[in-house]
Amino acid sequence: MGGRQGRGSAWRGGTGRQGRAPRGGEGRGGRGGLCGAGAAGGAPNLGGAAGQEAGSAAAQLGDMAGVKALVALSFSGAIGLTFLMLGCALEDYGVYWPLFVLIFYVISPIPHFIAKRATDDSDAASSACRELAYFFTTGIVVSAFGLPIILARVAVIKWGACGLVLAGNAVIFLTILGFFLVFGRGDDFSWEQW
């Protein structure tokens with residue numbers, strides 16, 4: 001910000017030309033002075049304009065944190081899918097049966113959505129519906145890890161492909177977990193906006 005201003009600056013509280021810079025333009029202080037000092041009386045309006053600016057800045061920082069988290073989660077999801085594709089498409093492996101784990105990626109959050117919708121009214125720390133959702137989600141995740149192991153055991157895919165698919169599973173499911181931890185808190189910036 002510019003150092004000295006004209007007679008109506010926010011620092012001196014004068015009643016002259018409120019919020020105007022000295023002759024020669026507005027290059028040193030801008031029109032509003034410090035925190036909206038252009039209001040009548042020349043006194044800084046710290047409650048109104050500054051409070052709104054601070055709230056707006058905090059909201060922008062919160063949105064930026066949400067956007068950064070979304071970008072990081074997208075990047076980790078892309079890494080997990082890359083592992084899965086490498087396990088299928090490398091020349092040594094060349095079998096696409098492991099792509100069936102994509103079904104598990106899609107259906108793994110569904111029990112959580114159903115339980116959240118069904119138990120939205122109660123504030124209990126635990127409920128039967130929520131525990132059943134955890135059980136089904138655990139079964140889905142274990143099945144996603146078990147499918148490539150079984151396929152490798154019966155020699156449909158090679159063990160190297162199985163390792164790549166398991167690495168992709170770990171990254172994808174950690175990404176899904178991170179998504180729910182970051183955006184599932186019910187804050188202003190949540191997954192429901194997407």
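Residues numbered from 1 in each chain as written. Predicted model: local features only at pLDDT ≥ 70, side-chain atom pairs only at ≥ 80, totals over all residues. Heavy atoms only, no water.

We count it as follows: UniProt positions are given in the numbering used here, feature names are shortened, and annotations may be inferred rather than shown by experiment.
By the naming in an unreviewed UniProt entry, the protein is Leptin receptor gene-related protein, taken from Equus caballus. Note on the protein: under the UniProt heading Sequence similarities (unreviewed entry), the record states "Belongs to the OB-RGRP/VPS55 family."

**Some remarks on the UniProt feature "transmembrane region" (unreviewed entry) in the protein**
Spelled out, the test is: By the criteria applied, helices consist of DSSP H or I runs no shorter than four residues and strands consist of E runs no shorter than two, each listed in order from the N terminus.
According to UniProt, the "transmembrane region" (unreviewed entry) feature falls on residues 69-88, 95-114, 134-156 and 163-184. Helix makes up 60% of residues 95-114 and strand 0%, and the two end C-alpha atoms of the span are 35 Å apart. Segment residues 134-156 splits into 87% helix and 0% strand. End C-alpha atoms: 31 Å apart.

**Re the packing of helix H3 (residues 110-118) against helix H4 (residues 128-153)**
Test applied: To obtain an axis, a line is fitted to C-alpha atoms, over the contacting stretch when the element is a helix, and the angle between two such axes runs from 0 to 180 degrees between their N-to-C directions. Angular relationships are summarised with four words: roughly parallel below 35 degrees, roughly antiparallel beyond 145, roughly perpendicular across 65 to 115, and oblique for the angles in between. We call two residues in contact whenever any of their non-hydrogen atoms come within 4.5 Å of each other. All residues other than Ala, Val, Leu, Ile, Met, Phe, Trp, Tyr, Cys, Pro, Asp, Glu, Lys and Arg, Gly among them, are scored as polar; the first ten of these are nonpolar and the last four charged.
Look at H3 against H4: their axes get within 8 Å of each other, and the N-to-C directions meet at 175°. Taken together, the axes of H3 and H4 are roughly antiparallel relative to one another. In contact with Pro-111, His-112, Ala-115 and Ala-118 of H3, H4 contributes Cys-129, Arg-130, Ala-133, Phe-136, Thr-137 and Ile-140. When grouped by side-chain class, the residues that make up the contact of H3 with H4 number 7 nonpolar, 2 polar and 1 charged.

**What to know about the packing of aromatic side chains**
Here is the rule we go by: Only Phe, Tyr and Trp rings are paired, with Trp represented by its six-membered ring, and only when their centres lie within 6.5 Å; those with planes under 30 degrees apart are stacked, over 60 edge-to-face, the remainder tilted. The rule is simple: take the accessible area with a 1.4 Å probe, protein chains only, and divide by the maximum for that residue type; under 20% is buried, over 50% is exposed, in between is partly exposed.
Considering all chains together, one arrives at 7 aromatic pairs under this definition. With centroids separated by 5.6 Å and ring planes inclined at 20°, the aromatic side chains of Trp-97 and Phe-100 adopt a geometry described as stacked. Judged by relative accessible area, which is 44%, Phe-100 ranks as partly exposed. For the ring pair Phe-179 and Phe-183, a centre distance of 5.2 Å and an interplane angle of 50° mean the geometry is tilted. Highlighted residues: Phe-179 and Phe-183, both in helix H5 (residues 159-183), separated by 4 residues, approximately one helical turn. Its relative accessible area of 24% is what places Phe-179 among the partly exposed residues. These aromatic residues form a ring-pair network of at least three members: Phe-113, Phe-179, Phe-180 and Phe-183.

**Description of the nonpolar core**
To keep things clear, this is the line we draw: For this analysis, a nonpolar core means a set of buried residues of the types Ala, Val, Leu, Ile, Met, Phe, Trp, Tyr and Cys, connected via side-chain atoms within 4.5 Å.
One finds Leu-84, Val-101, Phe-104, Tyr-105, Ile-140, Ala-144, Val-165, Ile-172 and Phe-173 forming the largest nonpolar core, which totals 9 residues. Of all the secondary structure elements, the ones that give two or more residues to this core are helix H2 (101-107), H4 and H5. Excluding residues that lie within four positions of it along the chain, Ala-144 makes contacts with Val-101, Phe-104, Asn-169 and Phe-173. Ranked by size, the runner-up nonpolar core spans 5 residues in total, among them Leu-151, Ala-152, Ile-157 and Cys-162.

**Brief notes about the layout of surface pockets**
Formally: Of the grid points, spaced at 1 Å and generated over the protein atoms alone, those admitting a 1.4 Å probe that cannot get out make up cavities, while open sets with protein on both sides within 12 Å along at least five of seven lines make up pockets; any residue with an atom within 4 Å of a point is treated as lining. Grid points are joined across faces, edges and corners, and a volume is the space filled by probe spheres set on the points.
Roughly 640 Å³ of internal volume is contained in the largest pocket. Lining the largest pocket are 22 residues, with His-112, Tyr-134, Thr-137, Leu-177 and Phe-180 sitting closest to its centre. No other element matches the 7 residues that H5 contributes to the lining of the largest pocket. Looking at the lining of the largest pocket residue by residue, the class counts come to 13 nonpolar, 5 polar and 4 charged.

**Structural notes on unusual backbone geometry**
A positive phi angle is found at Ala-155, which is not glycine, with a value near 65°. Along the chain, Ala-155 falls in the loop between H4 and H5.

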